[in-house]
Amino acid sequence: MDELWQNEYGFRKITLRDYEIYSDYTEVTSYFTGLWASNFTYIWSLSRKKNINVFYKIIDGMLVTFIRTKRNYMFLWCLPIGQGNADHVVKVLMKSLELCRDWNTQYNVTKKPIVYLLNELQLNFLKTSSYFDSFFILTGQKSKEIIWDISKVVERKGKEFQAVRYWLNRIEREYPSLQFRRFTPSDLKQVLFLKKRWNEASGKRYSRITDNHTFTQIFRHYQSLHELIFVATIDDRVVGVVTGEILPNKLAWGCIAKGLPEIKGIYEFLYTEFARNIQELNPEINLLLTGSDNNHEGLRTFKEKFNPVLKLKLYSLKLR
């Protein structure tokens, strides 16, 4: 079946080597590409799951990402990336979804193909096309994507950051040997133990832990994925880890953050130090994508501490 896609339909199964092509197309994309889940690292990690395949295809000069489930249901993961005004993007979307529909029909799948995820700014861009309302049905999602201003997180001025300052002062006072540095392979054993501890503690608060797979893939392939990984240590013991990237769209991407549950203030420390390091690496980077709140009150409350500059609604699309 994969051979059919590659030979007859011109699809390519995503691999680590496709990091560069995704970067090139993202860099020239005409709309706001700040959708957390559309980053190559996350998309590629999905392809490593046993129950789905991830393909891409260049359609009219844009790169389109397709997901095929084990039941042969085909859909688009996110919007096509590359150059093009709203009319062009909408036309590529239509062609891509029609291709999904043809595939689904061939394999007796009755469910309509969708664009799984886009955010509010991307939707506003699409709506400037006169074709949009005629061809698409919109479905809203409950969660919102949270984006921080890096300079504000680093400076932490004003009453908006009072809670962050409180926890930073507390952790630095209680743990004077607390340090933040780059991850090295010798840290891996402690990092894996940290993740195990986090899972055990967080299983009581979350109905499902969703990042186990992504965590594994990133730490196996972080160099090929150009992932930045930092650890927080107390007396040389790893008590926190944070990962992310500087993206080709001039945004920062925060992927994973884990801390020992007994170290209060560890997440405030991880994120503020991560933002500071991003700023040092590239002072032109202004925005940090931290993902959605997953419609989880505790996660939403934490991310609100950092005074988000954007809180974007999330949507799915399908053909009428």
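Everything below is about the structure shown above.
The following refers to the structure shown.

Cut-offs and rules
- Residues numbered from 1 in each chain as written.
- Predicted model: local features only at pLDDT ≥ 70, side-chain atom pairs only at ≥ 80, totals over all residues.
- Heavy atoms only, no water.
- Salt bridge = Lys/Arg side-chain N within 4 Å of Asp/Glu carboxyl O.
- Helix = DSSP H or I, 4+ residues; strand = E, 2+ residues; numbered from the N terminus.
- Buried < 20%, exposed > 50% of the residue type's maximum accessible area, 1.4 Å probe, protein only.
- Phe/Tyr/Trp six-rings, centres within 6.5 Å; stacked < 30°, edge-to-face > 60°.
- Lys NZ or Arg CZ within 6 Å of the ring centre and 35° of its normal.

It is worth spelling out the pattern of salt bridges at this point. One pass over the full model with this rule turns up ten salt bridges. A salt bridge links Lys95 to Asp60; the shortest N-O distance between them is 2.5 Å. Residue Lys95 is found in helix H4 (residues 86-106), and its partner Asp60 is found in the loop between strand S2 (52-59) and strand S3 (62-69); the two are separated by 35 residues along the sequence. Exposure remark for Lys95: the relative accessible area of 43% places this residue in the partly exposed category. Judged by relative accessible area, Asp60 falls into the partly exposed class, the value being 41%. As a salt-bridge pair, Glu174 and Arg170 come within 3.2 Å of each other at their nearest N and O atoms. In this pair, Glu174 and Arg170 both sit in helix H8 (residues 162-174), four residues apart, roughly one turn of the helix. Judged by its relative accessible area of 39%, Glu174 falls in the partly exposed class. Arg170 sits in the partly exposed class, given a relative accessible area of 23%. By sharing partners, the salt bridges in this structure join Glu273, Arg276 and Glu280 into a single network.

All told, the structure shown has 27 aromatic pairs when counted by the stated rule. Taken together, a centroid distance of 6.5 Å and an interplanar angle of 45 degrees make the contact between Tyr131 and Phe135 tilted. Residue Phe135 is classed as partly exposed on the basis of its relative accessible area, which comes to 32%. Arranged with centres 5.1 Å apart and planes meeting at 20 degrees, the rings of Phe180 and Phe230 form a pair that is stacked. Here Phe230 lies in strand S8 (residues 228-234) and Phe180 lies in strand S7 (residues 179-182), a separation of 50 residues in the sequence. Classification of Phe180 as buried rests on a relative accessible area of 14%. Owing to a relative accessible area of 2%, Phe230 belongs among the buried residues under this scheme. Site record: aromatic cluster; members linked through ring pairs are Trp36, Tyr42, Tyr73, Phe75, Trp77, Tyr116 and Trp253. The ring of Phe215 carries Lys195 above its face, with NZ or CZ at 5.4 Å from the centroid.

Fair warning: the whole summary comes from geometry, so function is off the table for now.
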